[in-house]
Amino acid sequence: MPTASTATLRCGVIGVGKMGRHHARLWTQVAGCDLVGVVDSSAERRQQVIDQYGGRGHDSVEALIDAGVDLVTIATPTVHHREAAEKLLAAGVHCLIEKPLAPTQDEARAIADAAKRSGALLQVGHVVRYDPVMVAIRKLGLRPRFVEVDRVSPMTFRSVDVGVVLDMMIHDIDVLLMLFGAEPVDVRASSVSVLGEAEDVCNARLEFPRMADGYAPVANVTASRLAMKTERKIRVMSDDTYVSADFVDRKGTVARKGPNASKIAEVRELLKQGADLSHLNFLDLLQVEPLAVEPGEPLKLQAEDFVDAIRSGRRPLVDAEDGFAAVRTADRIVAAGRAAGSRMV
Ligand SMILES: NC(=O)c1ccc[n+]([C@@H]2O[C@H](COP(=O)([O-])OP(=O)(O)OC[C@H]3O[C@@H](n4cnc5c(N)ncnc54)[C@H](O)[C@@H]3O)[C@@H](O)[C@H]2O)c1
């Protein structure tokens, strides 16, 4: 395993479909990295990617390992993550594995255990953590009491090897576990399957461990891959701040209690007295500020951070245990949704 902090890292990608191509590009762009090889079960896809980005094409993970590689992105369909990850980790190759870590808790556990045995680093591609919108929200240092997340898209007919919870909601599950610092104590969900056996639409209500004042924080999360539009939104409410953000527009709004406290107290008093305030525009009452979102490509920031973890020997931002916790929570949501779920058509 390469430990030299300055040596060029020989990088590879397993699975060069929609996501894997981006990873191949990034390994030609991130400083100190060199794309040396790609593996794909389709010879045509391998060829297209090496024609565009360089490196050599291989028809198996073993061939890539034999050719020599330090760091690999695994971007095959989720059901194939484990077979590649176990071989690479056993050979001491650092792995960046696309989300979700695996399709089941058992497989996620097996990969996490392989990482422990290996000593090579494993990062799970929960890329929303690197989204500049999320970075800006995290900088506010909120202790959330209520979070609402919506992630809906039209059907892409990719990632149909898993349901919408593992395909799309998993991004938000990881974010919620990060924001609340724990897995939920209670999970309720409703889901609907339309195109196959797995759920295509799901809404979950997750209750997190009680705060010091006894309050039980809650998240309400919705994912659909059968929507007519693409929407990625989050709203976070803490004791003293409300943030609303849109990941597609890369914009957000922050309302803090401080500058609005006296106006809210005034309105509360008037309502108590039975005043008719229907002429007021709520938005005019509030003082809000824009969320400070920096530019940046989340996937590139993720790749650079993983390289930094490898070079410095620190824990990756999203390690195997985080990836496992997200899959375990997803499994609980799928089970709860199935128990209360329904099938259309
Ligand atoms: N981070 C994100 O925002 C995001 C978005 C979409 C997908 N993903 C994840 O990325 C992964 C890939 O998704 P995608 O949409 O790129 O899929 P895709 O179908 O576009 O690409 C998968 C590629 O893997 C190849 N392949 C299949 N089985 C293989 C095997 N056993 N060995 C080698 N190659 C194999 C296929 O030929 C194809 O080129 C999935 O885990 C998915 O959940 C992440």
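Residues numbered from 1 in each chain as written. Predicted model: local features only at pLDDT ≥ 70, side-chain atom pairs only at ≥ 80, totals over all residues.

(A) Structural context of the environment of L206. Structurally, the position occupied by L206 is in strand β9 (residues 201-207). Sequence spacing of L206 and T329 is 123 residues, and the spatial spacing of their C-alpha atoms is 9.6 Å. Sequence-distant contacts of L206, defined by excluding residues within four places in its chain, comprise L176, P184, V187, V218, A219 and V221. (Helix = DSSP H or I, 4+ residues; strand = E, 2+ residues; numbered from the N terminus. Contact = placed C-beta atoms within 7 Å.)

(B) Molecular detail of the environment of Q29. Tracing the backbone through its elements, the reader meets Q29 in helix α1 (residues 18-29). With 13 C-beta atoms counted inside 10 Å, the residue Q29 sits in the partly exposed group. When the C-alpha atoms of Q29 and A303 are compared, they prove to be 9.8 Å apart, with 274 residues separating the residues in sequence. (Buried ≥ 20, exposed ≤ 12 C-beta atoms within 10 Å, placed from the backbone.)

(C) Region of interest: the domain arrangement of the chain. As assigned here, the chain comprises domain 1 (9-126 + 298-314) and domain 2 (129-297 + 330-343). Between domain 1 and domain 2, the C-alpha centre-to-centre distance is 31 Å. Each partner contributes to the interface: domain 1 provides 16 residues, whereas domain 2 provides 15 residues. Looking at which element gives the most residues to the side of domain 1 that touches domain 2, the answer is helix α10 (residues 298-312), with six residues. Partitioned by chemical class, the residues of the side of domain 1 that touches domain 2 number seven nonpolar, five polar and four charged. (Domains from an automatic or database assignment. Nonpolar A, V, L, I, M, F, W, Y, C, P; charged D, E, K, R; others polar.)

(D) Broad picture of the packing of helix α4 (residues 81-90) against helix α5 (residues 105-118). Two elements in contact, α4 and α5, have axes separated by 9 Å at closest approach and are oriented at 10°. As far as their axial angle goes, α5 and α4 are roughly parallel. Across the interface between the two elements, H81, R82, A85, E86, L89 and A90 of α4 pack against E107, A110, I111, A114, A115 and S118 of α5. A per-class count over the contact of α4 with α5 returns seven nonpolar, two polar and three charged. (Axes fitted to C-alpha atoms, helices over the stretch in contact; angles between N-to-C directions. Parallel < 35°, antiparallel > 145°, perpendicular 65-115°, else oblique.)

(E) Structural context of the nonpolar core. Ranked by internal contacts, the top residues of the largest apolar core, which has 93 residues, are C95, V165, M169, L176 and A330. If one sorts the elements of this core by residue count, helix α7 (residues 164-180) sits on top with twelve residues. Both domains that furnish three or more residues to this core are identified here as domain 1 (9-126 + 298-314) and domain 2 (129-297 + 330-343). Leaving out residues up to four positions away in the same chain, M169 has contacts with R151, V164, C202, V221, A223, A330 and I333. (Core = buried A, V, L, I, M, F, W, Y, C linked by C-beta atoms within 7 Å.)

(F) Local environment of the sheet that holds strand β4 (residues 71-74). The parallel open sheet is built from six strands, whose spatial order is β3-β2-β1-β4-β5-β6. A strand with exactly one partner marks an edge of an open sheet, and here the two such strands are β3 (56-58) and β6 (122-125). With direction set aside, neighbouring strand axes in the sheet form an average angle of 25°. Bridge analysis of strand β5 (residues 94-98) against β6 gives four bridges, and the strand direction is parallel. Of the residues in β6, the one forming a bridge with E98 is G125. α4 contacts β1 (9-14), β4, β5 and β6 of the sheet and is inclined by roughly 170° relative to β5. (Pairing = 2+ DSSP bridges.)

(G) Broad picture of unusual backbone geometry. Note that the residue after K99, namely P100, is joined by a cis bond; omega there is -15°. Locating P100 in the fold gives a position in the loop between β5 and α5. For S159, which is not glycine, the phi torsion reads 55° and is therefore positive. Turning to its location among the elements, S159 is positioned in the loop between β7 (144-152) and α7. When the 19 C-beta atoms within 10 Å are taken as the criterion, S159 is described as partly exposed.

(H) Focus on the site of the ligand. As a structural note, the neighbourhood of the ligand is formed by 23 residues, with G15, G17, K18, M19 and E98 the closest of them. If one sorts the elements of the shell around the ligand by residue count, α1 sits on top with three residues. Considering only residue class, the shell around the ligand consists of seven nonpolar, ten polar and six charged. (Near = placed C-beta within 6 Å.)

(I) Structural context of α5. For α5, which comprises 14 residues, the first-to-last C-alpha distance of 20 Å matches the rise-based estimate of 20 Å (1.5 Å per residue) to within 8%. Residues E107, A108, I111, A112, A114, A115 and S118 constitute the buried set of α5. Looking straight down α5, one finds that the buried residues subtend no more than 155° of arc, so they occupy a single side. The outward face of α5, more than 90 degrees from its buried face, is lined by the exposed residues D106, K116 and R117. Where α5 is buried, its residues touch α4, β6 and α11 (320-339). Phi turns positive one or two residues past the end of α5, at G119, with a value near 85°. (Expected span 1.5 Å × (residues − 1). Arc of directions from axis to C-beta.)

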